[in-house]
Amino acid sequence: MLKIEGLFKQFGGFIAINDVSFELIEGEKHAIIGPNGAGKTTFFNLVTGHLLPDRGSVAFQGEDITGRPPHRIVKLGLARSFQRINIYPRMSVFENVQVALIARERQELRFFSLAAGLCGPETNELLELVGLDEEADELAGELAYGKQKQLELAIALAENPRVLLLDEPTAGMSPSETEEAIRLIREIADARGLTLLFTEHDMTVVFGIADRITVLHHGEIIASGAPEAVRSDPVVRQVYLGEEEAVNGAA
Amino acid sequence: MTGRMTRPVLAACLTVLVLLALVPLLESNYLIDLFNEIMIYALFALSLNVIIGYSGNVSFGHAAYFAIGGYTMAILLTTYEWSLLPAFAASVAFSFVASGVVAYFCTRLTDIYFAMLTLAFSMLVWGVAFKWRSMTGGDDGFVGVDVPAFIAERVPFYYFSLVVIATAVAVLWVICHSAFGRALLAVRENPVRAGFVGINTRLMRWWAFVVAGTFAGIAGSLFAMVHRGMYTESAFWPESATVLIMTLLGGMYSFFGPAIGAASLFLLERLTNEYTEYWPLVLGTILLAILMFLPEGLAGLAQAVRRQILRGR
């Protein structure tokens, strides 16, 4: 589904992603884990066209997408959410999702069709799906943190992607919010047949969702495989999980 | 900017329209000219707000397109003796093309670089108007525009102007509240996110610039007719600053805010000039007050007051 070969990115003298090759298989829920600064977000930014790689290639469904701008990659069915909240704060919750639908339907250059009535039912459906139907008319910037994360998920889903990249979908959430978010993400991914690629700090989330895990360390892949295999991998335990607590999910 | 014209707003618009239509009944040439000027600048400021309020960029050179519209109208009507409709259409088309070319370059940049480039292009336009004496009249101005006979008198022209401006404002309202306007807001709010939902942000900013330039051109061509002339001051940077101040004073986060700003600034200027010679001083103070206390302008203030009243109930 997504095939990455020899990806390399350097910032000044710092090598952020070092020769990473990786394949995402259709239908899987794949987690990328690694300590802070391992290059997870940079990796996402390279895949989605936000950053240009120095070397290497990214192919989506057999099509080379290296170096394409984000707005064209999204149209192919590869959507993402962000680690830091990335919404339109001065627009209503409804409008936040509606804009994504307008873009998906390629109506953003319709100068004379009023926005008020556009994509209403589908917008409401998505808001209901992530549990934001009651907040539809509120300003997105005034929502509670956890709800803004949900909104971000709704925006990403509005693009009707085949592959969804989630960058720390539960970052900053309380334990109960996290649990709710995991349930929601799994449910949606199953219902829509989404292929999921996500980064995460929280091991409960990782083991709660992923059916395959890849471990990044200093910009390199040090392990990749089924959760159980990765959990017991000695190298992983040494450099990342830190023996005791991680396996039990405290992180 | 919710996307639907609410009843009170619609009622206010119709009231203003009726009141403007009644102005000639006062039989005061002074008032007719004043209100005609206000309407023209209201359209000018509304057009600028497509760039500022809707796309989230600041233009320091919007006067260029006002001047281009005005000079084109003046020259076609007078030098080439075109009739009104073709001249008007050509002036709108030329404003469209000129702003399209400039926007191609400006939208490569953002923030202060975008703003300075708009200023640079407006200085170029001013330079052409100043130096191309045989065509534009240079610093003497283009004097004696041939306005068609049926609108040559003051009152018919006022109504002509009212109809054109009301139509232009209505069209601009629709554009700003269309799917395009909605997507443009997303670009203003968060260009990175907008890109990641599939919006080509540079193309959107290009269109915003072109829409703004085209409607400024309409305002400019009316200006050339009402004044029977066009002058280099209209292309000079202080003119861009004036319309920017109108937009900020009225409120860039409201569609009608800039029109309110244009009216307020004109009326304040006239009023101030009755009593003192220190208009620039007053203007500076107003600007200071907006920036410090009213970042969302008069329209923002009105909304805040309305919310307070609703809450108090």
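Conventions adopted
Residues numbered from 1 in each chain as written. Chains lettered and ligands numbered in written order. Predicted model: local features only at pLDDT ≥ 70, side-chain atom pairs only at ≥ 80, totals over all residues. Heavy atoms only, no water. Buried < 20%, exposed > 50% of the residue type's maximum accessible area, 1.4 Å probe, protein only. Helix = DSSP H or I, 4+ residues; strand = E, 2+ residues; numbered from the N terminus. Arc of directions from axis to C-beta. Contact = heavy atoms within 4.5 Å. Buried area = accessible area lost by both parts, 1.4 Å probe. Salt bridge = Lys/Arg side-chain N within 4 Å of Asp/Glu carboxyl O. Polar contact = N/O pair within 3.5 Å; in protein donor to acceptor, adjacent residues only side chain to side chain. Nonpolar A, V, L, I, M, F, W, Y, C, P; charged D, E, K, R; others polar. pLDDT = per-residue confidence, 0-100. Pairing = 2+ DSSP bridges. Core = buried A, V, L, I, M, F, W, Y, C linked by side-chain atoms within 4.5 Å. Axes fitted to C-alpha atoms, helices over the stretch in contact; angles between N-to-C directions.

Colleague: I would appreciate a short explanation of helix α4 (residues 120-129) of chain A in the present structure.
Modeller: Structural remark: α-helix, 3.6 residues per turn; residues separated by three or four positions point the same way. Residue and element names in this part refer to chain A. Within α4, the full set of buried residues consists of Gly120, Thr123, Leu126 and Leu127. Angularly, the buried residues of α4 cover 130° about the axis, an arc narrow enough to put them on a single face. The exposed residues of α4 that point more than 90 degrees off its buried face are Pro121, Glu125 and Glu128. On its buried face, α4 sits against α3 (93-104), α5 (145-158) and α6 (175-192). Remark: Gly131 follows α4 within two positions and exhibits a positive phi of approximately 80°.

Colleague: Just checking my understanding: could you explain the interface of chain A and chain B for this structure?
Modeller: How big an interface is tends to be expressed through the accessible area that disappears when the partners come together. Opposite the 36 residues of chain A that make contact, chain B presents 34 residues. Buried area between chain A and chain B, both sides added, is near 3000 Å², and the carbon and sulfur share of it is 66%. Summed over the shared surface of chain A and chain B, the result is 2 salt bridges. As a salt-bridge pair, Arg182(B) and Glu95(A) come within 3.6 Å of each other at their nearest N and O atoms. Linking chain A with chain B are 14 residue pairs in polar contact (both at pLDDT 80 or more). Every element with two or more residues in the side of chain A that touches chain B is listed here: α2 (70-75), α3 and α5 of chain A. Taken together, the residues that form the side of chain A that touches chain B break down as 20 nonpolar, 8 polar and 8 charged.

Colleague: What's the story with the confidence of the model for chain B in this structure? I'm lost.
Modeller: As a note on interpretation, predicted positions should not be read in detail where pLDDT is low. When pLDDT is averaged along chain B, the result is 94, and 98% of the positions lie at 70 or above. This complex was scored by the predictor with a pTM of 0.92 and an ipTM of 0.89.

Colleague: Looking at this model, I keep getting lost on the pairing of strand β10 (residues 220-225) of chain A. Mind explaining?
Modeller: A regular strand places its side chains so that they alternate between the two faces of the sheet. All names here are of chain A. When strand β9 (residues 212-217) meets β10, the two strands line up antiparallel, connected through 5 bridges. Note that in β10 the partner of Thr214 across the bridge is Ser224. Here β9 hands over to β10 after 2 residues, with His218 in that stretch at a positive phi of 50°.

Colleague: Can you help me understand the nonpolar core in this one?
Modeller: In summary, soluble globular proteins display a tendency toward joint burial of nonpolar side chains. Ranked by size, the top nonpolar core spans 149 residues in total, and within it Val97(A), Leu151(A), Leu153(A), Leu164(A), Tyr41(B), Ile199(B) and Met225(B) carry the most contacts. At 16 residues, the largest contribution of residues to this core is made by helix α2 (residues 29-54) of chain B. Once you skip the residues sitting within four places of it in the chain, Ile199(B) turns out to touch His71(A), Val99(A), Ala103(A), Ala183(B), Val187(B), Ala194(B) and Met204(B).

Colleague: Please clarify how the sheet that holds strand β1 (residues 2-11) of chain A should be interpreted in this entry.
Modeller: All names here are of chain A. Reading across from one edge, β2-β1-β4-β5 is the order of the 4 strands in this open sheet, with antiparallel pairing throughout. With one partner strand each, in any of the chains shown, β2 (14-24) and β5 (63-64) form the two edges of the open sheet. Bridge count for β1 against strand β4 (residues 55-60) is 5 bridges, and the pairing is antiparallel. Residue Leu2 lies in a different strand from β4, and its bridge partner there is Phe60. Relative to β1, helix α1 (residues 40-47) is tilted by about 115°, and along the sheet it contacts β1, β2 and β4.

Colleague: Is there a simple way to think about α1(A) in this case?
Modeller: Residue and element names in this part refer to chain A. Most of α1 is tucked away: 7 of the 8 residues are buried. All of the buried residues in α1 are Lys40, Thr42, Phe43, Phe44, Asn45, Leu46 and Val47. With its phi angle positive at about 90°, Gly49 sits one or two positions after the end of α1.

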